[in-house]
Amino acid sequence: MSLGHALLGLLEDRPRHGYELKHLYDERFGVSQSVKFGQVYTTLARLLRDGLVDISAVESGGGPDRKLYMITPEGVADLEHWLIDPQPPSTFGRSVLFAKVVIALMSGRPADEVLDLQRAAHLVRMRELTERKLAGDAIDALACDFELFHLEADLRWIELAGARVERLRSPRTRDVPE
Amino acid sequence: MNLLRFLGLGGRVALSGGRGSLARVALMAAGIGLGVALLLGSLAFDHAIQAGAVREAARYPGAQLAPDEPQPMNSTLMWEWRTTFEGHDVWLIALHGRGRAPVPPGITGVPSTGQVFVSPGLATLLDSPSGSLLAPRLGGSVAGPIEPDGLVTPSEIFGYVGVRPGLKGLSLVDGQLYTGGSKQSFSMLTPGSLIVLGLAILAFLFPVALFVITATRLSTATREARLAAIRLAGATNVQVRGMIAIEAAMVAVLGAIIGCLLFLLGRTMSLKISAVAAGWFPSELWPQPVAAAAVLLIVPALVLLVALVGSRRMIVSPLGLVRRTRRRRRGAAWVCVGLAGALALGFAALGHAWVMRQRSPIPGVIIVGAGLLFLAGLVGEAGWVSWLVARVVGSRTRSVSAQLGARRMEADPGSANRVVAGIAVLVTLVGLGQAVALADARDRSGMTYVAPWVRDLPATIVIAEVFDYPVVDPASLLNLIAVPGVLSVRLTRQEPSGGVTLKPSSAIVATDGEPATLERIRNAVGWRGDAQPVSFWRSRASAGATERTVAHVAQAISLVILLVTAASLLVSTVDGMMERRRPLAVLSAIGARRSTLRRSILVQVAIPLAVALGLGASGAIFLTVTVFHVIGERGLLPLRPLAELTVAVGVVVLAVTGLAMPWAGWTRRADLLHAE
Amino acid sequence: MSGTPTIEGAGGPLVHAEGLTKRFGATVALDGLTLGVAGGEILALLGPSGSGKSTLLLCLAGILRPDSGTVRYRGQALSDMADAVLTCLRREEFGFVFQFGQLVPDLTAVENVSLPLQLSGQKRGLAEERALALLTKLEVEDRAGKRVGEMSGGQAQRVAVARALIAEPKVIFADEPTGSLDSLNGEVVMGLLLAAARERGTTVVLVTHEPRIAAYADREVVVRDGRISQHAVVP
Ligand SMILES: Nc1ncnc2c1ncn2[C@@H]1O[C@H](COP(=O)(O)OP(=O)(O)OP(=O)(O)O)[C@@H](O)[C@H]1O
Ligand SMILES: [Mg+2]
C-alpha cells in the first residue's frame, strides 16, 4: 500500500487538513496498523514537491497543521495511473511469518503442531476481524475481508508446506491434503 | 479392427455401470424375451390351429345328391350327427359306402353297418361310469380307433358310424357325398371374435412393451452422467449414439435368446398341463420356421430402431448435468384422439345393422381402428389425468406423505404414465374380454335368451318343441316321469323364450340336478343333431361348469398381465428411490418417520393405479356396450370382473408398496449422507 | 467472542461425546474421541480430509451409531433411545445443513422448508406461511415456488439453511455448508445461518475446511486421525 496514493485518494473529493487525513486513513485503511503523523507530513511534503498536491489555504492561529491541502490535476492523473496499474503480489509484513514457519519446519518440529498453533493464533485475529465485519459497514467489511483472506492464505500455505515437509520426511505414508 | 475395438468399448460401457446398469440390461432383455416368447407361442398355437383346421376340412362332404337320385357306385354317403353329453360336444359322422368308396381320414375303410370307430376322447367317455348312457346313441358297437391323422385335436370326441340308409331318420336326401374332403379349411373365427382376439393379443403385448420401456428408463440419471463422462473424454455425439446402439443390439440379441429359451420352457411346461396336451398335437405346436425367423429378426431390429430413434433426441453434453425443468404436459390432444375413436364407435353402434350387412372387411377394419384410436386416446390421456390428479393432490393435501408422494409423481410422471396407460388398457380389455367370455358362456349354455322364469327354476330342465317338428307329441313327454332322477313333469303353454302358445308346447321337468338325469332324458326324447325335435333349456342351477372355466382362464390371463405391470411399477418405484436416495436419506435425517416414507410410496403408487382403474373401467363399459351393439349381440356388463380387478389392483398397490419398503429403509442408511 | 455459552442440562454440556470409536472395515474413522458442546455455543470442527469430521457429526446427531463410546444429549445417552424417539429428537431439536443435495427435488422451495414443521404435525398452510417468511428473510423469496433444478447452488443452500432453521431447533449440525459455494455466497449463507443462530441462542456444530468460515465460531476444535488435536486448544 502506497501511503502517498492513499492520501491522494482521500483528497480527491475535497481539500483536507493534515490531521484530518491521518484520522481518515486510520479509519479506512489502518486495519492492521495505524499511520503516524510524521509519516503523513513527510509524505505530504513529497507530494507538494512533486506538484501532485497544493496548499489551498493557510488558516491563521498558529501551529504547523493549519494548512489545507488540495489535489492538483497532475495529482489526479497520477492517482488514476496508479489505480489501473496492477499491484505486484505483496509479501509486506509476511516475511517474518514466512521465516518463522520455514525455520520451524526445517528445525524438525511436527508440521501439525506448527499449523495448529499458528492457526489458533491467526483465528483469534480472524475472529476479531469477523466480528468487526459483522458490526461495521461495507467499507469496513472490505477492509476486514482483505485481511481475512490474506490470513487464510497464510494458513493454507502453512498447511501445504507442512504436508510437503512431512512427505519429504516419510514419502508414501502420507498424502498431501486436498 | 477399429470397429471391433469400438464394439468392445460399447459393450463394456453398457455393462460397466455397476449393479444398476446390469439390472437395466437384464430387465430389458427379460422383457424382450417375454415378448419374443409370447409371439413364438402364439405363432405355435396358430400353426397348430391351422393344421387342425386342415384335418377338419378333410372330413367335409363335397356334394349333395339330387332328389330321388340313388347312391352312385364307388361313393360314400355321410350324415352328420351331433349331440351333447354331459357338457361335451360329441360329433359323429355316419357313413355308408358303395363299391370302392372314398375313405375319410383316420380310418382304413368305410365301416360296415353297426361298426363304430371312435377317437381316444370318445373311447374314454364311453369307458367312464356314465358311458353306458352314451353308448345307445352310437348306433353300433366299437370296432376300432381313429388314427391321429383323422383327428382335429388329440382329445376330440369324434366317431365314424357305419350305417345303412333307411334306418330311422336316415333318408338319402339328408345325406351328402364324401369326395375326399374340402381343400379349403374354414376359419372357426367369426369377424366379431377376430376383433376381440386382436384386442386380446394387444392386451398381452402391451404390458410386456411397457415393461421393456420401463427397463430402458432405469437409472437414467446415472446413465446420462456416464455417457456425459464419455463425451467429456472426447467421444463425439455420433460415437455415443453408436454405443447406445451397441447396447441396444446386445440387449436385443440377449432378449431373442432368452425368448427362445422361455418359449421352449413354456412349451414343455404347458404340454405337461392336461388341457394343453389334450387340445394340441405336440408335433404341431411349433411356429412355422419362416414366421419364427421373422419374429427373431424383426423384434431385435425393432428394439434397435427404437433405441436409435430415442437417442436421436438425446444430445449428451459433456457437462452432463442437465437441469431438470418442469415440462408442459400434452393431454388435451389425446383426449381429442380418444373422443374421435369413441365417436366412430358410437356411430358404428348406431348403424350396426348396416355395418354387419357389409361383405367387405373395410367396416371391420374401421371398427378395429376406431377401437385402437379409443385405446390410444385412453393411453395418452391416462398419464395426463394422473399427472393432473397428482398436481392437485400435491398442492392441496394436508398430509406430508401425500405431498411427498404426489409431488414425486408430478415431478417424474414418466414411469407412472406408462403404468397408468398399461393398467387402463388392461382393465378396458379385460373388461371387454370378460364380457365376451360371459356372452360366450351364455351361448354355450344353449340359450340366446332365457325367460327369467326358466333361469330361476331350481335344478330343472325345460323341454320345448323346436319349429313344427311333428316328431314328439308333447303329451308323450309326460312319460318322462318314468326316467330315474326325474321328480315331476308338467306341461306348460309358456315358452322358454318368453312367449305363450295356444296349446301346451313345453314340458317343465324337475330333476334331481344330476348330469346323468339330463342324459337319460335326452336318450328318452331323442338326441340326434339333425333330427333333434326338441331343445333343452336349463335353469341356472343346473348349468354346467364349462362357463366357469372360461371365466377362470380370463382371470388367470389378466392376473398375469397385472403381475407384469406390477413388476414394471415396482422396478420404476425402486429405481426412483435409488436415484434420489440422498435427499431421502436427508429426509430421514431431519426426522421423517418410516411410516411417512411408507405412506408417501403408497400414495405415489396408488394415484396412478386409481386413475387407471377409473379410466379403464369406464373404457371397458363403453367398449362393451358399443362393440356388442356393433356385432349385434346382447352384451353383459362385466361388473363382477371389474370389481374383482379393483380388488386385485388394490392388492397390487399394497404389494408394490410393501416390496418397495425395504429399499426405503435402505435409503435411511447414514453413509448416504457422505458426499458421493 | 460474543454470546457467552450457557451450560444446559444436568450441569454438563448440551451435547457430550465420550470415547467415541467408529470403524469402517479396517479404517478407523473415530478413535476414542471426547468432545463437549455447550448450549448456545458455535463450534467449528476443522481438520484434514478423512480425519473423521463428518463421521463425528453424524454420531453427534444420532444418525450414525458409534462402535463404542456414548453421545449424550442433555445428559441422556442417544444409544438408550429407540429409533422412533431418536427420529422425533432429530425432528424437534436438531437441524441439518449439508454441502449439497439435501433438498427433495420433487418439492418446491417453500414445501421443502415447511417440511420439518409438517413432519411435526403443523398445518400445511401455516407451515408454508412461516417458510415463506423465512425465505424472505434469507432473500430467496422469489425462488419460493421453484424446484432445486431451477435454483443456483447458492439459492438452494439458502433454502437448505431456511429448512434447518424453521423448526427453531436447539442444535444445528452443518457439514461444509459452504463447500460448494463461491466466497460471497459462502459468506452470505454463513452470515445468515449464524445471525439466526445467535439471535435464538441455537447451538451450532459446523464442519469446515475454511479458516475464514471457522472464524465465525466461538471455538474451534481440530480433528486429526479420529481424535481431537491437543495443540489446537485455544488459550
Ligand atoms: N460409509 C463409509 N464406509 C467406509 N469408510 C468410510 C465411510 N464413511 C467414512 N469412511 C472413512 O472414514 C474416514 C473418515 O471419514 P469422514 O467422512 O468422517 O472424513 P471427513 O473428515 O469428513 O473428510 P472430508 O473433510 O474429506 O469430508 C475416512 O477414511 C473415510 O474413508
Ligand atoms: Mg466430510
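Everything below is about the structure shown above.
What counts, and at which threshold
- Residues numbered from 1 in each chain as written.
- Chains lettered and ligands numbered in written order.
- Predicted model: local features only at pLDDT ≥ 70, side-chain atom pairs only at ≥ 80, totals over all residues.
- Heavy atoms only, no water.
- Helix = DSSP H or I, 4+ residues; strand = E, 2+ residues; numbered from the N terminus.
- Contact = heavy atoms within 4.5 Å.
- Buried < 20%, exposed > 50% of the residue type's maximum accessible area, 1.4 Å probe, protein only.
- Areas by Shrake-Rupley, 256 points an atom, 1.4 Å probe, with all protein chains shown as cover.
- Buried area = accessible area lost by both parts, 1.4 Å probe.
- Salt bridge = Lys/Arg side-chain N within 4 Å of Asp/Glu carboxyl O.
- Near = heavy atom within 4 Å.
- Polar contact = N/O pair within 3.5 Å; in protein donor to acceptor, adjacent residues only side chain to side chain.
- Nonpolar A, V, L, I, M, F, W, Y, C, P; charged D, E, K, R; others polar.
- Phe/Tyr/Trp six-rings, centres within 6.5 Å; stacked < 30°, edge-to-face > 60°.
- Expected span 1.5 Å × (residues − 1).
- Arc of directions from axis to C-beta.
- Pairing = 2+ DSSP bridges.
- Patch = residues over 30% accessible without salt bridge, like charges linked within 9 Å, V, L, I, M, F, W, Y side chains within 5 Å.
- Lys, Arg positive; Asp, Glu negative; His and termini not counted.
- Charge placed at Lys NZ, Arg CZ, Asp CG, Glu CD.
- Axes fitted to C-alpha atoms, helices over the stretch in contact; angles between N-to-C directions.

**Comments concerning the overall build of chain A**
Secondary structure summary: chain A contains seven helices and three strands in total. Along the chain direction, N to C, the helices and strands of chain A fall in the order α-β-α-α-β-β-α-α-α-α. Counting only contacts in chain A whose residues sit at least 6 apart along the sequence, the fraction spanning at least 24 positions is 55%.

**Details of the overall build of chain B**
Helix and strand counts for chain B stand at 20 helices and 11 strands. Looking at chain B as a whole, 47% of its 676 residues are labelled buried. At a minimum sequence separation of 6, the contacts of chain B that also span at least 24 residues come to 81%. Carbon and sulfur atoms make up 66% of the accessible area of chain B, which amounts to about 32900 Å² in all.

**Examining the interface of chain C and chain A**
Between chain C and chain A, the contact holds 23 residues from the first and 23 residues from the second. The junction of chain C with chain A conceals about 1900 Å² of combined surface from both sides, 58% of it contributed by carbon and sulfur atoms. Connecting chain C to chain A are three salt bridges. One salt bridge connects Arg127 of chain A with Glu220 of chain C, and the closest N-O pair in it is separated by 2.3 Å.

**So, the environment of Leu645 of chain B**
Residues and elements named next belong to chain B. Relative to the elements of secondary structure, Leu645 occurs in helix α20 (residues 639-666). Between the C-alpha atom of Leu645 and that of Val427, which follows or precedes it by 218 residues, the distance is 7.4 Å. Excluding residues within four positions of it along the chain, Leu645 makes contact with Val427 and Val430.

**Side note on the site of ligand 1**
Close to ligand 1 lie 14 residues, the nearest being Ser49, Gly50, Lys53, Ser54 and Thr55 of chain C. Site remark: ligand 1 is flanked by residues from chains B and C. Within the contact set of ligand 1, an oxygen atom lies 2.8 Å away from a backbone nitrogen or oxygen of Gly50 of chain C. Within the backbone of Gly52 of chain C, an N or O atom sits 3.0 Å from an oxygen atom of ligand 1. Counting residues per element, the ones that place at least two in the shell around ligand 1 are β2 (27-37) and α1 (53-60) of chain C. The biggest single contributor to the shell around ligand 1 is α1 of chain C, with three residues. Broken down by class, the residue content of the shell around ligand 1 amounts to two nonpolar, nine polar and three charged.

**Focus on the packing of aromatic side chains**
Residues and elements named next belong to chain C. Per the counting criterion, the structure on display carries 10 aromatic pairs over all chains. Each ring, one from Phe94 and one from Phe173, has its centre 5.1 Å from the other, and the planes form 80°; the classification is edge-to-face. Taken together, the residues span a long stretch of sequence, with Phe94 in strand β6 (residues 94-97) and Phe173 in strand β7 (residues 171-175) at a distance of 79 residues. Summarising the burial analysis for this pair, Phe94 and Phe173 share the class buried. Ring plane angle 25° and centroid distance 5.7 Å describe the contact between Phe96 and Phe173, whose orientation is recorded as stacked. Remark: Phe173 occurs in strand β7 and Phe96 occurs in strand β6; sequence separation between them is 77 residues. There is no split in this pair, since Phe96 and Phe173 are both buried.

**Some points on helix α10 (residues 332-350) of chain B**
All names here are of chain B. An ideal rise of 1.5 Å per residue puts 27 Å on 19 residues; α10 measures up with 27 Å between its terminal C-alpha atoms. Residues of α10 that are buried include every one of Gly338, Gly341, Ala342, Leu345, Ala348 and Ala349, and no others. Axial view of α10: buried residues confined to an arc of 120°, hence all on one face. With respect to the buried face of α10, the exposed residues turned more than 90 degrees away are Cys336, Leu339, Leu343, Phe347 and Leu350.

**Concerning the interface of chain C and chain B**
Chain C puts 34 residues into the contact, and the matching count from chain B is 36 residues. Buried area between chain C and chain B, both sides added, is near 3100 Å², and the carbon and sulfur share of it is 56%. Looking only at chain C, the three residues that lose the most surface to chain B are Asp106, Leu119 and Arg124 of chain C, adding up to 21% of its buried area. One can count two salt bridges joining chain C with chain B. A salt bridge links Glu111 of chain C to Arg407 of chain B; the shortest N-O distance between them is 2.4 Å. Among the elements of the structure, α1, α2 (83-93), α3 (109-119) and α4 (124-137) of chain C are those that each provide at least two residues to the side of chain C that touches chain B. For the side of chain C that touches chain B, the class distribution of residues is 14 nonpolar, nine polar and 11 charged.

**Considerations on helix α5 (residues 153-166) of chain C**
Compared with the 20 Å implied by 1.5 Å per residue over 14 residues, the 20 Å span of α5 of chain C between its first and last C-alpha is a close match. Burial of α5 of chain C is extensive: 12 of the 14 residues sit out of reach of the surface. Within α5 of chain C, the full set of buried residues consists of Gly154, Ala156, Gln157, Arg158, Val159, Ala160, Val161, Ala162, Arg163, Ala164, Leu165 and Ile166 of chain C. Close packing links the buried residues of α5 of chain C with α18 (581-589) of chain B together with β6, α3, α4, β7 and α6 (183-200) of chain C.

**What about the pattern of salt bridges?**
Inspection of every chain in the model, using the stated rule, returns 30 salt bridges over all chains. A salt bridge links Glu111 of chain C to Arg124 of chain C; the nearest nitrogen and oxygen atoms lie 2.9 Å apart. With Glu111 of chain C in helix α3 and Arg124 of chain C in helix α4, the pair connects residues that are 13 residues apart, well separated along the chain. Linked through salt bridges whose partners overlap, the residues forming this network are Lys133, Asp145, Glu152 and Arg156 of chain A together with Glu187, Glu210 and Arg212 of chain C.

**Here's the deal with the sheet that holds strand β9 (residues 219-224) of chain C**
Working definition: the strands of a sheet are paired by backbone hydrogen bonds and lie parallel or antiparallel to each other. Residues and elements named next belong to chain C. Judged by pairing direction, the sheet is mixed, and its six strands sit side by side in the order β6-β7-β8-β3-β9-β10 without closing on themselves. The open sheet terminates on both sides in strands that have one partner only, identified here as β6 and β10 (227-228). Across five bridges, β7 lies against strand β8 (residues 203-207) in parallel orientation. Directly across from Phe173, in β8, lies its bridge partner Val205.

**Side note on a positive patch on the surface**
On the surface, Arg593, Arg594, Arg598 and Arg599 of chain B cluster together into a positively charged patch. Along the polypeptide, Arg593 of chain B turns up in the loop between α18 and α19 (594-631).

**So, the sheet that holds β2 of chain C**
Residues and elements named next belong to chain C. Ordered in space as β2-β1-β4-β5, the four strands form an open sheet in which the pairing is antiparallel. Looking along the sheet, the strands with just one partner apiece sit at the ends: β2 and β5 (76-77). Where strand β4 (residues 68-73) meets β5, two bridges bridge the pair, whose relative direction is antiparallel. Across the sheet, residue Arg72 finds its bridge partner in β5, namely Ala77. Lying on the sheet, α1 is in contact with β1 (15-24), β2 and β4; it crosses β2 at an angle near 55°.

All quantities given are derived from atomic positions and should not be read as evidence of function.
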